[in-house]
Amino acid sequence: TADNEPIYTFDVLNELEAKQSSGQLIFVVGPDNAAPNTWAKFYKAQEIDKRWGRWEAEERKQIRSTAIRNKLKAGEKPSLEECPPAIWQAYQPHIN
């Protein structure tokens, strides 16, 4: 995608499915995004449910990807509690 264009969950799942030769995908969602009013705002939410299904993960820690992205944008490193270094280091080059 071009810079600053959104990347939708539906599109990611569609690409993963196209590249996967076997097995089944399911979308794992946190309780914040699983809330009906929030989930209804997702691009093609009903089609995601129909094609791949959705599993709501139990929240054990209140960690938000938005907070991690904001830290990276500010030049800060997330704590180990928030995100393992291998994950944020791979993600960091994509932060504008």
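All of these numbers come straight from a predicted model, not from anything done at the bench.

(A) Focus on the overall build of the chain. For the chain, the helix and strand inventory stands at six helices and two strands. For the chain, the N- to C-terminal ordering of α and β elements is α-β-α-α-α-β-α-α. A principal-axis box enclosing the C-alpha atoms of the chain has dimensions of 40 × 30 × 25 Å. Relative to its full complement of 96 residues, the chain shows a buried share of 19%. Partitioning the contacts of the chain with sequence separation of at least 6, the portion at a separation of at least 24 is 51%. Within the structure as shown, the chain displays about 7,500 Å² of accessible surface, and the carbon and sulfur contribution to it stands at 50%. If the 13 positive side-chain charges of the chain are averaged to one point and the 14 negative ones to another, these points end up 1 Å apart.

(B) Seen up close, the environment of Lys-61. Relative to the helices and strands, Lys-61 resides in the loop between strand S2 (54-56) and helix H5 (65-73). Measuring from C-alpha to C-alpha, the distance between Lys-61 and Lys-71 comes to 18 Å, with ten residues separating the pair along the chain. For Lys-61, the side chain forms a polar contact with the side chain of Glu-81, separated by 2.8 Å.

(C) Local environment of the environment of Arg-69. Counting through the fold element by element, Arg-69 comes out in helix H5. Put simply, Arg-69 and Gln-89 are 20 residues apart on the chain and 11 Å apart in space, counted from C-alpha to C-alpha. In this structure, Arg-69 is in contact with Tyr-91 and Ile-95, ignoring residues within four places of it in sequence.

(D) Here's a closer look at the environment of Gln-24. When you line up the elements, Gln-24 lands in the loop between helix H1 (9-19) and strand S1 (27-29). Judged by relative accessible area, Gln-24 falls into the exposed class, the value being 72%. With 29 residues separating them along the chain, Gln-24 and Gly-53 place their C-alpha atoms 9.9 Å apart.

(E) Looking closely at the layout of surface pockets. Roughly 640 Å³ of volume is contained in the second largest pocket. If you go around the second largest pocket, you meet 23 residues; those closest to its centre are Val-29, Gly-30, Asp-32, Asn-33 and Ser-65. Mapped by element, the contributors of at least two residues to the lining of the second largest pocket are S1, helix H2 (31-34) and H5. The residue makeup of the lining of the second largest pocket, split by class, is ten nonpolar, five polar and eight charged.

(F) Seen up close, the packing of aromatic side chains. Across all of its chains, the model carries six aromatic pairs by this definition. Pairing Phe-10 with Tyr-43 gives two aromatic rings, centres 6.1 Å apart and planes at 85°, and the pair type is edge-to-face. Taken together, the residues Phe-10 in helix H1 and Tyr-43 in the loop between helix H3 (36-39) and helix H4 (45-51) connect sequence positions 33 residues apart. Residue classification places Phe-10 among the buried positions, given a relative accessible area of 5%. The structure contains a cluster of three or more aromatic residues connected by ring pairs, namely Tyr-8, Phe-10, Tyr-43 and Trp-52.

Definitions and cut-offs
Residues numbered from 1 in each chain as written. Predicted model: local features only at pLDDT ≥ 70, side-chain atom pairs only at ≥ 80, totals over all residues. Heavy atoms only, no water. Helix = DSSP H or I, 4+ residues; strand = E, 2+ residues; numbered from the N terminus. Buried < 20%, exposed > 50% of the residue type's maximum accessible area, 1.4 Å probe, protein only. Contact = heavy atoms within 4.5 Å. Areas by Shrake-Rupley, 256 points an atom, 1.4 Å probe, with all protein chains shown as cover. Lys, Arg positive; Asp, Glu negative; His and termini not counted. Charge placed at Lys NZ, Arg CZ, Asp CG, Glu CD. Polar contact = N/O pair within 3.5 Å; in protein donor to acceptor, adjacent residues only side chain to side chain. 1 Å grid on protein atoms, 1.4 Å probe; cavity = no way out; pocket = protein on both sides within 12 Å on 5 of 7 lines; lining within 4 Å. Points joined across faces, edges and corners; volume = space filled by probe spheres on them. Nonpolar A, V, L, I, M, F, W, Y, C, P; charged D, E, K, R; others polar. Phe/Tyr/Trp six-rings, centres within 6.5 Å; stacked < 30°, edge-to-face > 60°.

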